[in-house]
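What follows is the residue order along each chain.
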Amino acid sequence: MFKEHHKTYSGIFWDSSSPDDKLFGTLTLNPHGTSKLAIYTSTEKPELLKKTTCLYGYVDKIKHVRLDNCDVIRSLDSLYPGEQRFIKYELDIPLVFSNTSSILESTQFSKMSIEIPELRNWTKGEICSETSRLTEYNNIDISIDLLKTDSPKLVLESEQDLPFSEFQALSVRIIALLNFALWGQISFGQIKAVQKKGLSSNIFHSTNFWGHTEHLSKIQLSPIFTLHNITTEAKPIFDNWLSAYDQIRASIVLCLSTMRKNGSYIFTEKFLSLTQAIEALYAKENQIENKSIYLKDVLKNYRETKSYVDPDIFDDKTIADINGIRAYYTHYNPIKEGLVPTDDTVLFKLKMTLECLLITLILDFIGFEKIKDIISNNCVLKKYLTKI
């Protein structure tokens, strides 16, 4: 297992379509983020770097590697002894698959484990044994491994070897649930894929491979729900989430994107994403197709039909403000300048109110029954969804 951070390896690299055109370079691995590749050549932007986003390599100790989504970020002139001019190309490498020279998606595995330190907090000690099976999906067992000496792991395991893509697709769904429960603040350690017999592959990755970027903040937020909340119904909740994921994926992705820093604190972008996500969820929930949906009607309907939506929070004025702000930013009309609140303080509060509403609507969609209890036990949800 590779425990080192930012470990650098020297080697040769090439494109699969032209394996004879090899270039010398150094690969710096970062198991917790984007890795780096430096290529040295006397050629101006060699063909290898012009036409591909996937490179293969042979480096010290690790041997074969595959580098995905390569992106040249800059080039620098350098001199070797004798003053021969070389150019150093630096590349960002979000995905690094090690110990295999073939395309990983075509390789089959029986087990995949993903280190997620925040799982220990999420389980809140509810798992008594070292490994707890949560559910099974498409012949893949899903469990949490809480070894005392190592970082907690999400473990996906099958009786037989399956394509890596099947493990990846399932892990995306489970990690989305954990990210949702933990306000988008999970992080990753080592990822490992294992065959029944033979190949064991350490997968170095960037967090955006699993739809995850930076933490919202360094503040430890209370989980929206923990394993304790679903102890008696863990399998139904997980099963409902897995079956609902494809139906309401747009709403889930938009919700997670507003939870995270994502490079900026531009409230208007997050506000508009949330209004879109709520409308999309409403359309799926009510099976509305090829028909116009109006945000103000959606919010009024939720206020009237969902017992956990406080009418004092979503009163007519608040709904009118939300609808007006949305219309102002999507259909700008100078006549309305000053008629809707655009102050950052107001916008942030409404953004948080919509985010908390969307969270409860998703919880409802996947089968949670005691949503009012979840709201009252979470300081953020309580602050924006109730009159304190």
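Look up a bit, the structure's there.
Residues numbered from 1 in each chain as written. Predicted model: local features only at pLDDT ≥ 70, side-chain atom pairs only at ≥ 80, totals over all residues. Heavy atoms only, no water.

Asks: Explain the environment of Ile 252 to me, please; I cannot follow it from the model alone.
Replies: Mapped onto the elements, Ile 252 comes out in helix H5 (residues 249–259). What makes Ile 252 buried here is its relative accessible area of 2%. Sequence separation of Ile 252 and Leu 281 is 29 residues, and the distance between their C-alpha atoms is 9.0 Å. Discounting chain neighbours no more than four positions away, the residues touching Ile 252 are Trp 241, Tyr 245 and Ile 362. (Helix = DSSP H or I, 4+ residues; strand = E, 2+ residues; numbered from the N terminus. Buried < 20%, exposed > 50% of the residue type's maximum accessible area, 1.4 Å probe, protein only. Contact = heavy atoms within 4.5 Å.)

Asks: How should the pattern of salt bridges be read in this particular structure?
Replies: Opposite charge on two side chains makes pairing possible when the charged atoms of those side chains draw close. Under the defined criterion, the tally for this structure stands at nine salt bridges. Of the charged contacts in the structure, one is a salt bridge between Arg 173 and Asp 246, with a shortest N-O distance of 2.7 Å. Of this pair, Arg 173 sits in helix H3 (residues 164–181) while Asp 246 sits in the loop between helix H4 (234–245) and H5, placing them 73 residues apart in sequence. Of the charged contacts in the structure, one is a salt bridge between Arg 326 and Glu 279, with a shortest N-O distance of 2.9 Å. Taken as a pair, Arg 326 in helix H8 (residues 316–330) and Glu 279 in helix H6 (residues 267–285) lie far apart in primary sequence, 47 residues in all. A single network of salt bridges, built from pairs that share partners, joins Glu 285, Lys 306 and Asp 364. (Salt bridge = Lys/Arg side-chain N within 4 Å of Asp/Glu carboxyl O.)

Asks: Can you walk me through the packing of H6 against helix H7 (residues 295–305) in this structure?
Replies: Taken N-terminus to C-terminus, the directions of H6 and H7 make an angle of 65 degrees; their axes are 10 Å apart at the nearest point. For the pair H6 and H7, the sense of crossing is left-handed. Contacts from Thr 275, Ile 278, Glu 279, Leu 281, Tyr 282 and Glu 285 of H6 reach H7 at Leu 295, Val 298, Leu 299, Asn 301 and Tyr 302. (Axes fitted to C-alpha atoms, helices over the stretch in contact; angles between N-to-C directions. Left-handed = near helix turned anticlockwise from the far one by under 90°.)

Asks: Would you explain the packing of aromatic side chains in this entry?
Replies: Pairs of aromatic rings are described using the distance from one ring centre to the other and the angle between the two planes. Under the counting rule described, the total for this entry stands at eight aromatic pairs. Seen in terms of ring centroids, Phe 225 and Phe 368 are 4.9 Å apart; in terms of plane orientation they differ by 50 degrees. Their pairing is tilted. Here Phe 225 is found in the loop between strand S14 (200–204) and H4, whereas its partner Phe 368 is found in the loop between helix H9 (344–365) and helix H10 (371–377), with 143 residues between them in sequence. Accessibility assignment for this pair places Phe 225 and Phe 368 in one class, buried. Note on Trp 241 and Tyr 245: the rings are 6.4 Å apart at their centroids and 45 degrees apart in plane angle, and the pair reads as tilted. Pair noted here: Trp 241 and Tyr 245 are both in helix H4, with a separation of four residues, about one helical turn. As far as the burial class goes, Trp 241 and Tyr 245 line up, both buried. Grouping aromatic residues by their ring pairs yields a cluster made of Trp 122, Phe 180, Phe 225, Trp 241, Tyr 245 and Phe 368. The aromatic ring of Trp 14 is capped on one face by Lys 22, whose charged end is 5.0 Å from the ring centroid. (Phe/Tyr/Trp six-rings, centres within 6.5 Å; stacked < 30°, edge-to-face > 60°. Lys NZ or Arg CZ within 6 Å of the ring centre and 35° of its normal.)

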